[in-house]
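# Architecture and fold: a report
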Amino acid sequence: MSEARIFQPAKTAMQSGRGNTKKWVLEFEPAEARQADSLMGWIGSEGTNGQVKLRFETRDEAVAFAKKNGFGYTVTEPKVRRVKPKDYSANFAYDRIR
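Model, not experiment: these values are computed from the prediction.

### Looking at the environment of K11
As for its position among the elements, K11 is in the loop between β1 (3–7) and β2 (24–28). By relative accessible area, which is 40% here, K11 ends up partly exposed. In this structure the C-alpha to C-alpha distance between K11 and Q51, which are 40 residues apart in sequence, comes to 20 Å. Ignoring any residue separated from it by four or fewer positions in sequence, one finds K11 in contact with S16, G17 and T21.

See below:
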């Protein structure tokens, strides 16, 4: 039985927006260690499940898919993003910490 993890991806450092962070992703955990090929030097393993990444609209859809196919799974909840609204004048406030 394969082990999968279900999570919502964080935005990359190259993104300013929140695109591609709303969907849920189901990825399989590696079943065996990766090893270097002696001829080419490429890193790889026998298991191909590491290449599979499935996207779902909701967490419940991803969990239902894992249960239906008999996969063990762990769900990682996303961290709550806290936004502190500021206006431009806060940059020049008298009591601003320098």
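### Brief notes about the environment of G41
Residue position: G41 is located in the loop between β3 (35–36) and β4 (43–44). Taking the relative accessible area as the measure of exposure, G41 reaches 44% and is therefore partly exposed. Sequence-wise, G41 and G17 are 24 residues apart; in three dimensions their C-alpha atoms are separated by 37 Å.

### A few points about the nonpolar core
The nonpolar side chains of soluble globular proteins are, as a tendency, buried together. Of all hydrophobic cores here, the largest spans nine residues; its members are A4, I6, W24, L26, F28, F56, A62, V63 and A66. Elements that contribute at least two residues to this core include exactly β1, β2 and α1 (59–68). Not counting residues within four places of it along the chain, the set of residues in contact with F28 comprises S2, E3, A4, N49, V52 and F71.

### Focus: a nonpolar patch on the surface
Together, L39, M40 and W42 make up a nonpolar patch on the protein surface, roughly 430 Å² of accessible area in all. Within the secondary structure layout, W42 lies in the loop between β3 and β4. Owing to a relative accessible area of 59%, W42 belongs among the exposed residues under this scheme.

### A word on the pairing of β1
Across five bridges, β1 lies against strand β6 (residues 72–76) in parallel orientation. Looking at β6, one finds that I6 is bridged to V75. For β1 and β2, the ladder comprises four bridges, and the chain directions are antiparallel. The residue of β2 that forms the bridge with I6 is L26.

### Quick word on the side chain of E27
Examined against the element boundaries, E27 turns out to sit in strand β2. Those residues in contact with E27, other than ones at most four positions away along the chain, are E3, A4, R5, F7, V52 and K53.

Here is what the cut-offs are and how they apply
Residues numbered from 1 in each chain as written. Predicted model: local features only at pLDDT ≥ 70, side-chain atom pairs only at ≥ 80, totals over all residues. Heavy atoms only, no water. Helix = DSSP H or I, 4+ residues; strand = E, 2+ residues; numbered from the N terminus. Buried < 20%, exposed > 50% of the residue type's maximum accessible area, 1.4 Å probe, protein only. Contact = heavy atoms within 4.5 Å. Core = buried A, V, L, I, M, F, W, Y, C linked by side-chain atoms within 4.5 Å. Patch = residues over 30% accessible without salt bridge, like charges linked within 9 Å, V, L, I, M, F, W, Y side chains within 5 Å. Areas by Shrake-Rupley, 256 points an atom, 1.4 Å probe, with all protein chains shown as cover. Salt bridge = Lys/Arg side-chain N within 4 Å of Asp/Glu carboxyl O. Pairing = 2+ DSSP bridges.

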